[in-house]
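The lines below spell out each chain.
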Amino acid sequence: DRLFVRNSDLRLFTVVLRVFEDFKQKVIDTSPDFKDEMFVKSLAVQMEQLRGRELPGFLSTQAFYMCMSLYVDSWEEPMKDMLKDVRKLAQEVAGKLADALIKQYPALRDSIRFAAATVLSDIFDDILSKLELLLNKEKDPFTLNDFLQQWVNKLRFDRFSTAVDDVFENILTNLAP
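Thresholds applied
- Residues numbered from 1 in each chain as written.
- Predicted model: local features only at pLDDT ≥ 70, side-chain atom pairs only at ≥ 80, totals over all residues.
- Heavy atoms only, no water.
- Helix = DSSP H or I, 4+ residues; strand = E, 2+ residues; numbered from the N terminus.
- Contact = heavy atoms within 4.5 Å.
- Areas by Shrake-Rupley, 256 points an atom, 1.4 Å probe, with all protein chains shown as cover.
- Axes fitted to C-alpha atoms, helices over the stretch in contact; angles between N-to-C directions.
- Parallel < 35°, antiparallel > 145°, perpendicular 65-115°, else oblique.
- Left-handed = near helix turned anticlockwise from the far one by under 90°.
- Nonpolar A, V, L, I, M, F, W, Y, C, P; charged D, E, K, R; others polar.
- Expected span 1.5 Å × (residues − 1).
- Buried < 20%, exposed > 50% of the residue type's maximum accessible area, 1.4 Å probe, protein only.
- Core = buried A, V, L, I, M, F, W, Y, C linked by side-chain atoms within 4.5 Å.

Draft legend 1. Here's a closer look at the overall build of the protein chain. Along the backbone of the protein chain there are seven helices and zero strands. In sequence order, the secondary structure elements of the protein chain are arranged as α-α-α-α-α-α-α. Partitioning the contacts of the protein chain with sequence separation of at least 6, the portion at a separation of at least 24 is 66%. When the accessible surface of the protein chain is summed, it comes to about 13800 Å², and 61% of that surface belongs to carbon and sulfur atoms.

Below you can see the structure in the form of structure tokens.
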């Protein structure tokens, strides 16, 4: 326990957290400057070019989708860099742990280093493809909320029911002597 308290470089979470913070900052840095006049003008031109049958005053969903997609695309390189850094750091931590815990068995230390490198290399492509799938999901800024759809249907039914009741009430009123 004291070994880990005194040596923060042996705690994988601690060293990976630094990499994640760097990744987070790189993603934040890719964000456009929404207050920049040139960005606003460029966005307005794009929105006008992609304008479809939307009512005046409503945002073009295609323009919004494209803007979000481009923004998320800019995260790919920082994500790949982060993944490579995490793999490298995990290998280093495994090696340092082996050095610290089993100094007297050099062959075992080397085997642990080799096993860590092999496992991390084997899972790298799988993790990369899963992260790319997550990025593709992030590119779609729209969600389907079933509760919203149910609420809209309830409102429609209530209005229809009220309209039918009004019609029957009107007929009954007109039929009465």
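Draft legend 2. Seen up close, the packing of helix 2 (residues 12–29) against helix 5 (residues 76–101). Where helix 2 contacts helix 5, the two axes come as close as 10 Å, and the packing angle between them is 165 degrees. Relative to helix 5, the element helix 2 lies roughly antiparallel. Regarding helix 2 and helix 5, the two cross each other, and that crossing is right-handed. On the side of helix 2, the interface is formed by Leu 12, Val 15, Val 16, Val 19, Phe 20, Phe 23 and Lys 26, while helix 5 contributes Pro 78, Met 79, Asp 81, Met 82, Asp 85, Val 86, Leu 89, Ala 90 and Val 93. Among the residues making up the contact of helix 2 with helix 5, the classes are represented as 13 nonpolar, no polar and three charged.

Draft legend 3. Fine view of helix 4 (residues 61–73). Its 13 residues place the ends of helix 4 18 Å apart at the C-alpha level, agreeing with the 18 Å of an ideal helix rising 1.5 Å per residue. Restricting attention to buried positions, one finds in helix 4 the residues Ala 63, Ser 69 and Val 72.

Draft legend 4. A look at helix 5. For helix 5, built from 26 residues, the straight-helix expectation of 38 Å at 1.5 Å per residue is met to within 8% by its first-to-last C-alpha distance of 37 Å. Contacts made by the buried residues of helix 5 are with helix 2 and helix 6 (106–138).

Draft legend 5. Broad picture of the packing of helix 5 against helix 6. Packing of helix 5 against helix 6 leaves a shortest axis separation of 10 Å and a crossing angle of 160 degrees. As the angle between them shows, helix 5 and helix 6 are arranged roughly antiparallel. Like other packed secondary-structure pairs, helix 5 and helix 6 cross with a definite hand, here right-handed. Class assignment of the residues belonging to the contact of helix 5 with helix 6 gives a composition of 14 nonpolar, three polar and eight charged.

Draft legend 6. Local environment of the nonpolar core. If you look at the biggest cluster of nonpolar residues, it comprises 14 residues, and the most contacted ones within it are Phe 23, Trp 75, Met 79, Leu 128 and Leu 135. When residues of this core are traced back to their parent elements, those giving at least two are helix 2, helix 5 and helix 6. For this core, the element with the most residues is helix 5, which contributes five residues. Residue contacts for Leu 128: discarding those within four places in its chain leaves Met 79, Lys 80 and Leu 83.

Distances and angles like these do not, on their own, reveal function.
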